[in-house]
Each structure stands twice: as C-alpha cells, then as structure tokens.
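# Reading the structure
As a plain string of letters, each chain reads:
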Amino acid sequence: MFRGTLIRSGNNAKTVKGDKLGGYETAIMYLAPFNLAGSNVCPMAEQAGCVAGCLNTAGRGRMSNVQLARVKKTKRYLADRVEFMQQLAIDLEAFERYCARKGVKPAVRLNGTSDIQWEVAHPVHRHMPQGLWRFKNVFEAFPEIQFYDYTKVYKRVYRDLPANYRLVLSYSAAHSAYSDAVVEAAAKTGANIAVVYRDKAIRDNMMPSGDALGYDDGFKRIYRQVIDGDSDDMRFLDPTGVIVGLYAKGAARHDRSGFVVG
Ligand code: SF4
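What you are looking at is a predicted structure, and each value in this text was computed from that prediction instead of being measured. (Residues numbered from 1 in each chain as written. Predicted model: local features only at pLDDT ≥ 70, side-chain atom pairs only at ≥ 80, totals over all residues.)

In the predicted model, the chain carries a mean pLDDT of 89, and 90% of its residues have values of at least 70. Confidence over residues 215–221 falls short of pLDDT 50; this stretch has ten contacts with residues more than four positions distant or in other chains. (pLDDT = per-residue confidence, 0-100. Contact = placed C-beta atoms within 7 Å.)

A word on the nonpolar core. Core analysis: the biggest nonpolar cluster contains 71 residues, and L169, V182, I193, A194, V195 and V196 have the highest contact counts within it. The element that contributes the greatest number of residues to this core is helix α4 (residues 81–102), accounting for six residues. With near-sequence residues (within four places) excluded, V196 lies in contact with L246, A248, A252, F259, V260 and V261. (Core = buried A, V, L, I, M, F, W, Y, C linked by C-beta atoms within 7 Å. Buried ≥ 20, exposed ≤ 12 C-beta atoms within 10 Å, placed from the backbone. Helix = DSSP H or I, 4+ residues; strand = E, 2+ residues; numbered from the N terminus.)

What follows deals with the site of the ligand. Near the ligand the following residues occur: P33, F34, C42, A45, C50, V51, C54, N56, T113, S114, D115 and K152. For the shell around the ligand, the class distribution of residues is seven nonpolar, three polar and two charged. (Near = placed C-beta within 6 Å. Nonpolar A, V, L, I, M, F, W, Y, C, P; charged D, E, K, R; others polar.)

On to the pairing of strand β5 (residues 131–135). The element β5 is largely exposed, with a buried count of zero among its five residues. With five bridges joining them, strand β4 (residues 124–128) and β5 adopt antiparallel strand pairing. Residue M128 lies in a different strand from β5, and its bridge partner there is G131. (Pairing = 2+ DSSP bridges.)

Quick look at helix α6 (residues 176–189) now. The terminal C-alpha atoms of α6 lie 20 Å apart, and with 14 residues this matches the ideal 20 Å at 1.5 Å per residue to within 8%. By the burial criterion, the buried members of α6 are Y178, S179, V182, V183, A185 and A186. Taken around the axis of α6, the buried residues stretch over an arc of 155°, which confines them to a single face. The exposed set on the far side of α6, more than 90 degrees from its buried face, consists of S176, A177 and K188. Buried-residue contacts for α6 involve α2 (45–48), β7 (165–170) and β8 (193–197). (Expected span 1.5 Å × (residues − 1). Arc of directions from axis to C-beta.)

Written as structure tokens, this is what we have:
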C-alpha cells in the first residue's frame with residue numbers, strides 16, 4: 001500500500017484485484033469533481049449529465065472526511081498548479097521507488113474523480129542526473145509509469161497522446177450532441193468507450209451481443225465487443241475497439257440523466 005500526499009494505492013478493490021493478475025500496482029489520485037472545490041475540473045460533466053451519478057459518492061467517497069480531503073487537494077491544485085505539479089512529481093518518484101522495491105510495475109490514474117487534461121498545460125520538473133529538467137507533462141517525465149484515465153473530454157483522444165497514457169472515452173446519452181461526438185471520436189481514433197449500465201445483469205446481457213449502443217448509420221456503426229470493465233481497472237491492457245462495460249454504483253444507480261444506460 002503506497003501513501004503519497006496526492007496519490008495512493010491499495011484502497012480500491014478493483015485496482016487491487018487487477019494488480020494481482022498483471023504484476024502491477026495502481027495508484028489513483030482522487031480530487032473533488034466538477035465545481036465542488038470552487039472551479040470546474042470536469043469540463044464536459046454538464047453535457048454528459050454525470051455530476052449527480054459521479055463515482056465521487058461510491059464506496060469510501062461517501063464519507064465526509066474523504067470528501068473534505070478531496071476538496072482540499074483540489075483547492076491546492078487550483079491555487080498553485082506549479083506547486084501542485086511539484087508535489088505530484090515527488091509522489092510519482094516515491095511511487096516508482098516503492099514499486100521497484102516490491103518488484104511490480106507502476107500504474108497511475110490521475111483522474112480518479114476529475115477530468116483534467118494532464119497532457120496539455122501541465123509541465124513538470126524532475127531531478128535528472130544532468131540536473132533539474134523541465135518536461136512537457138508527467139507522461140514524458142515518468143516514461144516508466146503506465147498512466148491511464150477515463151475521460152468525457154472527447155477531443156483529448158484526437159491528440160497525439162504519449163505512448164504511456166491510455167485514455168478511455170466515457171459514454172453518456174444525456175445529450176445527443178455529446179453521445180454522437182463520443183461515438184464519432186471512438187470511430188475515428190479507435191479509442192475504447194466505457195459505458196455504465198444500470199445493473200450488472202444489463203451489462204452481462206450486452207457482453208455476448210456487442211450491440212451496446214445501437215448506432216447503425218454510417219461511420220457511427222460501432223458494433224463493438226463489450227468486455228467486463230468491473231473485474232479490474234487495467235484499461236491499458238484492454239484490446240482496442242471494445243466497449244468497456246461497467247455497472248452503476250453509488251448514486252449512479254438512481255441516475256436518470258442518460259449517463260447510466262438501460
Ligand atoms: S463522472 Fe467524471 S467527469 Fe463526471 S463529474 Fe464525476 S469525475 Fe467529473
């Protein structure tokens with residue numbers, strides 16, 4: 001179990017399960033989503049209708065001290081991004097050392113409960129043998145770490161993303177403009193799409209058919225295989241061209257916005 005100031009491992013049942021299978025250890029950073037800390041860190045949340053059903057309320061997230069800690073961390077990010085990135089680099093270095101000692105590979109998900117575009121406008125400094133070095137982003141600074149995230153900011157998958165950063169699009173049918181844009185982005189870039197189904201039975205019924213989104217016209221026709229996205233969180237190991245099927249947890253079980261399907 002790694003305990004950094006900003007990232008932690010070992011406190012998410014899904015990552016712990018996947019880590020055992022794949023020889024990884026996964027650390028996650030949990031911030032306060034949407035505008036809970038005063039500024040919006042989830043730019044597409046309203047279009048995607050995911051605020052009410054956000055995973056921020058699932059599991060440990062229900063506890064108020066956990067919520068407060070996330071708000072505090074997010075305020076730190078909003079107040080001084082340079083200082084925050086310095087702390088993140090310290091955490092990532094420590095996590096790398098921790099994983100090396102344990103003989104496992106490090107994986108990091110920075111947007112546990114946020115949707116920040118870490119690949120742009122987030123430079124970071126790292127101590128290298130030749131001195132303090134400025135990198136464009138954490139992915140360049142830490143090429144040994146496998147990063148991954150789910151995102152509703154579909155324009156991100158059109159970017160030339162670093163090889164050690166895997167993004168999975170997050171589907172919602174709350175607004176057709178949003179769902180169409182997500183499906184189009186997947187069709188054009190090959191990015192996988194995560195879909196949250198109302199319950200496990202609905203998700204499992206989708207798995208054999210693959211006809212999960214029902215799009216059937218032109219380029220939107222993406223009859224993709226649906227895989228079980230709940231058995232682990234190792235999205236960077238998934239094949240491309242699949243729908244990552246999840247089932248609703250926490251407040252999402254009662255969601256009627258279209259974020260949860262079925
Ligand atoms: S589901 Fe994702 S994008 Fe939506 S509010 Fe939560 S963290 Fe933000």
